[in-house]
Amino acid sequence: MAFTPLHDRVLVRRLEGEEKTAGGLIIPDSAKEKPAEGEIIAVGAGAKDDDGDRIAMDVKAGDKILFGKWSGTEIKLDGEDLLIMKESDILGILG
C-alpha cells in the first residue's frame, strides 16, 4: 500500500469486535457496533509549531489504539476499509 498521511494524521485499520457475548450468544452483523479499537498502519511526519519545527508524533505504525466512536474519515484503499484521523482523535495506546 503506497499511502502516507500528512502532518499529524494517521491511517488506522479497525480491529474487529467480538462475534459472541460472554454468555455465548452470536451477535449478528446488523447489531454490532463499529469497534473503537484499531491498529495504526501509517503515520504522518507530525504537525509544525509556530516556528516551523516539527512536533513529534506520540504514536507509531503498529500501535494498537483506542479512539472515539465517531472519529476519523472512512476510506477504501486497495479494497480495504480504513480510517484517516488526526492524532488528537486518539484516546490512548493499548498495551
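Residues numbered from 1 in each chain as written. Predicted model: local features only at pLDDT ≥ 70, side-chain atom pairs only at ≥ 80, totals over all residues. Heavy atoms only, no water.

Examining the overall build of the chain
Broken down by element type, the chain carries zero helices and six strands. Beginning at the N terminus, the succession of helices and strands in the chain can be written as β-β-β-β-β-β. Of all intrachain contacts in the chain linking residues separated by at least 6 positions in sequence, the fraction that spans at least 24 positions is 62%. Here the chain has roughly 6500 Å² of accessible surface; of this, 52% comes from carbon and sulfur atoms. (Helix = DSSP H or I, 4+ residues; strand = E, 2+ residues; numbered from the N terminus. Contact = heavy atoms within 4.5 Å. Areas by Shrake-Rupley, 256 points an atom, 1.4 Å probe, with all protein chains shown as cover.)

Looking at a nonpolar patch on the surface
Nonpolar side chains collect at one region of the surface, where Leu66, Leu91 and Leu94 lie side by side and expose about 260 Å² of accessible area between them. Mapped onto the secondary structure, Leu66 falls in strand E3 (residues 64-67). (Patch = residues over 30% accessible without salt bridge, like charges linked within 9 Å, V, L, I, M, F, W, Y side chains within 5 Å. Salt bridge = Lys/Arg side-chain N within 4 Å of Asp/Glu carboxyl O.)

Let's talk about the side chain of Asp8
Position of Asp8 among the secondary structure elements: in the segment before strand E1 (9-14). Among the polar contacts listed, one links the side chain of Asp8 to the side chain of Lys86, at a separation of 3.4 Å. The contact partners of Asp8, leaving out residues within four places of it in the chain, are Gly46, Ala47, Met57, Met85, Lys86 and Glu87. (Polar contact = N/O pair within 3.5 Å; in protein donor to acceptor, adjacent residues only side chain to side chain.)

Remarks on the nonpolar core
Within the largest apolar cluster, 10 residues are counted, these being Val10, Val12, Ile40, Met57, Val59, Ile65, Phe67, Leu83, Met85 and Ile90. Apart from residues lying up to four places away in sequence, Ile40 is in contact with Val10, Leu11, Val12, Val59, Lys60, Ala61, Gly62, Asp63, Ile65 and Ile90. (Core = buried A, V, L, I, M, F, W, Y, C linked by side-chain atoms within 4.5 Å. Buried < 20%, exposed > 50% of the residue type's maximum accessible area, 1.4 Å probe, protein only.)

So, the pattern of salt bridges
Scanning the entire structure with this criterion turns up six salt bridges. The closest approach of N and O atoms between Glu80 and Arg13, which form a salt bridge, is 2.4 Å. A residue pair is termed long-range when its members are at least 10 positions apart, and Glu80 in strand E5 (residues 80-86) and Arg13 in strand E1 qualify at 67 residues. Residue classification places Glu80 among the partly exposed residues on the basis of a relative accessible area of 24%. The exposure class assigned to Arg13 is partly exposed, which follows from its relative accessible area of 27%. For Glu74, the salt bridge identified is with Arg14, shortest N-O distance 3.5 Å. Within this pair, whereas Glu74 is found in strand E4 (residues 73-77), its partner Arg14 is found in strand E1, the two being separated by 60 residues in sequence.

Considerations on the sheet that holds strand E6 (residues 90-94)
The strand order E4-E5-E1-E2-E3-E6 describes an open sheet built from six strands, whose pairing is antiparallel. Every other strand in the sheet has two partners, leaving E4 and E6 as the edge strands with one partner each. Each strand axis lies, on average, 45° off the axis of its neighbour in the sheet, ignoring direction. (Pairing = 2+ DSSP bridges. Axes fitted to C-alpha atoms, helices over the stretch in contact; angles between N-to-C directions.)

Remarks on the environment of Asp78
Structurally, Asp78 can be placed in the loop between E4 and E5. Of the residues examined, Asp78 reaches a relative accessible area of 64% and is grouped as exposed. Taking the C-alpha atoms as reference, Asp78 lies 9.4 Å from Ala2; in sequence the two are 76 residues apart.

All quantities given are derived from atomic positions and should not be read as evidence of function.
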